[in-house]
Amino acid sequence: MCELSRRRFLQALAVGGAGSLAACAGLPRKKTGGRVVVVGGGFGGATAAKTLGSLDAGLNITLVEPKARYITCPGSNWLFAGLTDLLRLSVDYRTLTEYYGIDLVTDSVESIERERRQLRLTSGRMLAYDRLILSPGIAFNWDSIAGYTPEVAELFPHAWQAGPQTVLLARQLHAMRRGGVVLIVAPPDPYRCPPGPYERASMMACWLSRHNPRGKIIILDPKRGFSKQALFEAGWRRHYRYGEADGLIEWHSLADNPITQLDAQGRTVISDFGDRFSGDVINIIPAQTAATLAVAAGLTDAGGWCPVEPKTSRSLFDEFIHVIGDAAHFSPMPKSAFAANSEAKACAMAVIGLLREVEVPTPSWLNVCYSLITPEHGISVAGVYALDAAQSLVAVAGAGGLSSPAISGSAELEAGYARSVYRNLLKDSFG
Amino acid sequence: MPRLLLALLCLGCGFRADAEVDPALLALNCLSCHREASAPAADVPALAGLSASQIRQDLLDFKYLRKPATLMSRIAKGFSDEELRAVADYLAQR
Ligand SMILES: Cc1cc2nc3c(=O)[nH]c(=O)nc-3n(C[C@H](O)[C@H](O)[C@H](O)COP(=O)(O)OP(=O)(O)OC[C@H]3O[C@@H](n4cnc5c(N)ncnc54)[C@H](O)[C@@H]3O)c2cc1C
């Protein structure tokens with residue numbers, strides 16, 4: 001099943017033609033004055049800026065992002081199976097600036113002066129806002145595993161922000177000795193992309209099955225279960241001899257005895273009670289919080305994430321700041337690119353309503369996360385979200401849920417949809 | 001049952017408030033997936049060119065499991081028939 005040719009896969013991945021404006025052509029394009037600054041050009045920030053630009057030509061929209069090109073985490077696990085590369089996972093902001101009238105400021109925000117409603121950028125420049133939308137993503141909790149620091153992560157990559165670390169981890173996997181062991185230390189909830197570590201294990205197993213069939217991937221998990229577990233385990237059984245002595249993937253729940261230490265010299269991770277696990281390749285995905293900027297601005301709660309009023313995504317601590325994407329506490333929605341895109345659209349509508357001083361429309365949100373078990377076996381989890389009578393965010397009962405293996409051909413169909421949805425979501429977010 | 005009591009009973013158990021969701025916003029969420037399809041068999045189908053009644057019929061068929069789908073039934077079940085009609089109208093007018 002891991003034999004799908006790289007070429008066929010890449011063909012399926014190529015982005016289609018132009019026409020990005022057409023999707024929004026029918027929406028009312030009114031003009032409202034107002035300065036909206038969006039911080040962070042990831043899925044949340046790009047979608048927010050684009051949606052604002054397509055709904056209201058009168059807004060003054062600025063997007064602040066330090067990187068000229070964004071590398072998507074979605075799709076980055078496919079690298080481990082040798083199916084893609086960083087270039088194909090990169091986008092720039094040209095369409096946003098050329099077609100949606102967005103001012104791109106290539107800089108990063110150093111601090112938020114909330115009282116004055118202005119931002120201080122690293123260059124020293126100041127930026128004033130009427131409404132601020134933050135989508136700055138995540139930070140890592142470096143205290144969670146002793147001996148695992150940002151410097152050590154350059155040798156034992158987390159690869160949880162797609163980029164050079166993803167390439168390094170793929171190289172380490174591909175160069176691993178025959179019969180070697182990969183350790184994946186999964187993070188505790190909540191974290192970016194709940195199915196991500198398990199899709200990663202699948203894509204690594206796909207590589208091993210062809211190039212290093214006596215190798216093994218061991219997932220050490222501080223959780224008792226994980227996203228799409230039944231679907232992953234069924235897929236692993238089907239393709240990777242999961243549950244057998246020579247299986248390519250093992251999953252161990254260490255809920256009562258999690259990994260707390262790395263001995264980098266000995267290439268060993270150590271649990272709370274002193275159990276030791278050695279690996280040839282070690283991928284530690286640390287515990288996470290909202291990005292540093294959000295923490296420093298006092299927008300996070302004790303759990304490290306930004307609490308918001310779901311209807312408008314306004315921070316509970318500042319009525320002029322909206323927080324979306326991974327940094328925000330939008331539970332029960334997962335922290336995914338799809339969710340960030342959906343949150344951004346509701347946020348853009350709310351921001352326009354608040355600026356125009358009209359009723360904010362009743363939002364609903366969608367999330368769909370696909371994962372590949374092999375290039376030809378896809379699975380998904382979906383959710384529809386809405387406000388309940390108390391204005392809290394809830395998953396709509398009876399909707400959403402996991403792929404049904406009963407649908408004939410669903411594994412193959414969903415592998416195709418996984419790529420198609422990736423491509424379309426990228427286009428929808430970045431133009 | 002009095003309305004307030006109903007509202008209280010619904011707390012936290014996934015029941016939506018009765019306000020209808022905004023069709024324009026919902027449509028934006030559909031369009032994350034439904035854009036141009038380049039390889040018709042493998043891609044999410046494009047909705048361009050479908051009439052309001054076709055989209056509506058598809059959505060109802062997905063919701064009531066009259067049409068097999070890998071995904072759409074899980075989405076359509078999240079909305080009232082009226083909301084599905086409104087989003088179908090909206091998408092067809094685009
Ligand atoms: C391996 C992996 C696989 C994944 N696969 C999927 C998938 O298949 N589907 C899916 O839906 N999701 C997936 N995700 C999750 C997805 O990547 C995130 O949920 C998504 O990127 C969140 O978007 P965001 O806008 O909140 O943050 P980000 O995409 O992280 O964007 C944040 C941006 O803010 C910028 N920034 C940060 N601080 C500042 C500052 N001070 N000033 C200015 N800019 C700043 C950063 O440079 C960055 O560009 C995956 C994640 C991983 C790690």
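About the cut-offs
Numbering of residues starts from 1 in each chain and follows the order in which that chain's sequence is written. The lettering of chains begins at A and the numbering of ligands begins at 1, in the order of writing. pLDDT decides what is reported in this predicted model: residues at 70 or higher carry local features, side-chain atom pairs at 80 or more are listed and counted, and totals for whole chains, interfaces and linings draw on all residues regardless. Hydrogens are left out, water is left out, and the side-chain values use all remaining heavy atoms of the structure. If even one non-hydrogen atom of a residue comes within 4 Å of a molecule or strand, that residue is called near it. Under the rule applied, a polar contact is a pair of N or O atoms within 3.5 Å (in protein, one hydrogen donor and one hydrogen acceptor; residues adjacent in sequence only if both atoms are side-chain atoms). Secondary structure elements follow DSSP: runs of H or I of four or more residues count as helices, runs of E of two or more count as strands, with numbering from the N terminus. Note on residue categories: nonpolar means Ala, Val, Leu, Ile, Met, Phe, Trp, Tyr, Cys or Pro, charged means Asp, Glu, Lys or Arg, and polar means any other residue, Gly included. What fixes the domain bounds is an automatic or database domain assignment. Confidence scores here are pLDDT values: one per residue, from the predictor, ranging 0 to 100. For this analysis, residues touch if any pair of their heavy atoms sits within 4.5 Å. For helices, the fitted axis covers only the stretch in contact; all axes are lines through C-alpha atoms, and the angles between them, taken along N-to-C directions, range from 0 to 180 degrees. Roughly parallel refers to an angle under 35 degrees, roughly antiparallel to one over 145, roughly perpendicular to one between 65 and 115, and oblique to any angle outside these ranges. By convention the crossing between two helices is left-handed if the near helix lies anticlockwise of the far one by an angle smaller than a right angle, and right-handed if it lies clockwise. Buried area is a sum: the accessible area each of two parts loses on coming together, probed at 1.4 Å, counted once for each and added. Salt bridge criterion: a side-chain nitrogen from Lys or Arg within 4 Å of a carboxyl oxygen from Asp or Glu. Paired strands are those between which DSSP finds at least two bridges.

Draft legend 1. How the structure looks around the site of the ligand. Residue and element names in this part refer to chain A. In the neighbourhood of the ligand, 33 residues make up the surrounding shell, with Glu65, Tyr70, Ser135, Arg192 and Asp326 lying closest. Between the ligand and the protein, one listed contact pairs an oxygen atom with a side-chain N or O atom of Glu65 at 2.6 Å. Take Lys67: an N or O atom from its side chain is 2.8 Å from an oxygen atom of the ligand. Secondary structure elements with two or more residues in the shell around the ligand: helix 2 (43–55) and helix 8 (337–356). Per-class residue counts for the shell around the ligand are 16 nonpolar, 11 polar and six charged. Inspection of the shell around the ligand shows a minimum of three residues originating in each of domain 1 (6–139 + 289–430) and domain 2 (143–286).

Draft legend 2. Spotlight on the confidence of the model for chain B. All names here are of chain B. Per-chain confidence: chain B averages 85 in pLDDT, with 85% of residues scoring 70 or above. Scored below 50 in pLDDT, residues 1–13 shows nine contacts in the model against residues more than four places distant or in partner chains. The ipTM, which scores confidence in the relative placement of chains, is 0.92 for this predicted complex, and the corresponding pTM is 0.94.

Draft legend 3. Spatial organisation of the packing of helix 2 of chain A against helix 8 of chain A. Residue and element names in this part refer to chain A. One can describe the packing of helix 2 onto helix 8 by two numbers: an axis separation of 8 Å at closest approach and a directional angle of 40 degrees. Relative to helix 8, the element helix 2 is oriented oblique. When the axes of helix 2 and helix 8 are compared, the crossing they make is right-handed. Across the interface between the two elements, Phe43, Gly44, Thr47, Ala48, Thr51, Leu52 and Leu55 from helix 2 touch Ala337, Ala340, Asn341, Ala344, Lys345, Ala348, Met349, Val351, Ile352 and Arg356 from helix 8. Tallied by class, the residues present in the contact of helix 2 with helix 8 amount to 11 nonpolar, four polar and two charged.

Draft legend 4. The arrangement of unusual backbone geometry in detail. All names here are of chain A. The omega torsion of the bond from Asp189 to Pro190 falls at -10 degrees, within 30 degrees of zero and hence cis. When you line up the elements, Pro190 lands in the loop between strand 11 (181–185) and helix 5 (196–211). Phi is positive for Lys228, which is not a glycine, with a value near 55 degrees. Considering the arrangement of structural elements, one finds Lys228 in the loop between strand 12 (216–221) and helix 6 (229–240). In this structure, Ser313 is a non-glycine residue whose phi angle is positive, near 60 degrees. Mapped onto the secondary structure, Ser313 falls in the loop between strand 19 (306–309) and strand 20 (314–315).

Draft legend 5. Summary view of the domain arrangement of chain A. All names here are of chain A. By the assigned domains, chain A splits into domain 1 (6–139 + 289–430) and domain 2 (143–286). Distance between the C-alpha centres of domain 1 and domain 2: 28 Å. In this complex, domain 1 contributes 33 residues to the contact, which on the side of domain 2 involves 33 residues. Together, the buried faces of domain 1 and domain 2 total about 2700 Å²; carbon and sulfur atoms form 68% of this surface. Sorting the residues of domain 1 by area buried against domain 2 places Asn77, Phe80 and Ile373 first, and these three jointly supply 27% of that buried surface. Remark: the boundary between domain 1 and domain 2 carries one salt bridge. One salt bridge in this structure joins Asp326 and Arg192, with 2.6 Å as the shortest N-O distance. Applying the counting criterion to the domain 1 and domain 2 interface returns 12 residue pairs in polar contact (both at pLDDT 80 or more).

Draft legend 6. Structural view of the sheet that holds strand 2 (residues 60–64) of chain A. Residues and elements named next belong to chain A. If you trace the eight strands from one edge of the open sheet to the other, you get 5-2-1-9-21-20-19-22, paired in mixed fashion. A single partner strand is all that each edge strand has here, and the edge strands are strand 5 (103–105) and strand 22 (328–329). Direction of pairing for strand 20 relative to strand 21 (residues 318–323): antiparallel, over a ladder of two bridges. Note that in strand 21 the partner of Arg314 across the bridge is His322. Each of strand 1 (35–39), strand 9 (131–134), strand 20 and strand 21 touches helix 8; the most contacted strand, strand 9, lies at about 170 degrees to it.

Draft legend 7. Local environment of the sheet that holds strand 6 (residues 109–113) of chain A. Residue and element names in this part refer to chain A. Taken in spatial order, the three strands line up as 6-7-8 in an open sheet, and their pairing is antiparallel. In this open sheet, the two strands that pair with only one neighbour each are strand 6 and strand 8 (126–128). Strand-to-strand twist of the sheet, defined as the mean angle between neighbouring strand axes without regard to direction, takes the value 25 degrees. Note that strand 7 (residues 118–121) and strand 8 share three bridges and pair antiparallel. Looking across to strand 8, one finds that Arg120 is bridged to Met126.

Draft legend 8. Region of interest: the pattern of salt bridges. Under the counting rule described, the total for this entry stands at 28 salt bridges over all chains. Note that A:Lys67 is salt-bridged to A:Glu65, the shortest N-O span being 3.4 Å. The shortest N-O distance in the salt bridge between A:Asp428 and B:Arg35 comes to 3.0 Å. Of this pair, A:Asp428 sits in helix 9 (residues 410–430) while B:Arg35 sits in the loop between helix 2 (23–30) and helix 3 (52–63), on two different chains. Overlapping salt bridges bring together A:Arg69, A:Asp92 and A:Arg94 as one network.

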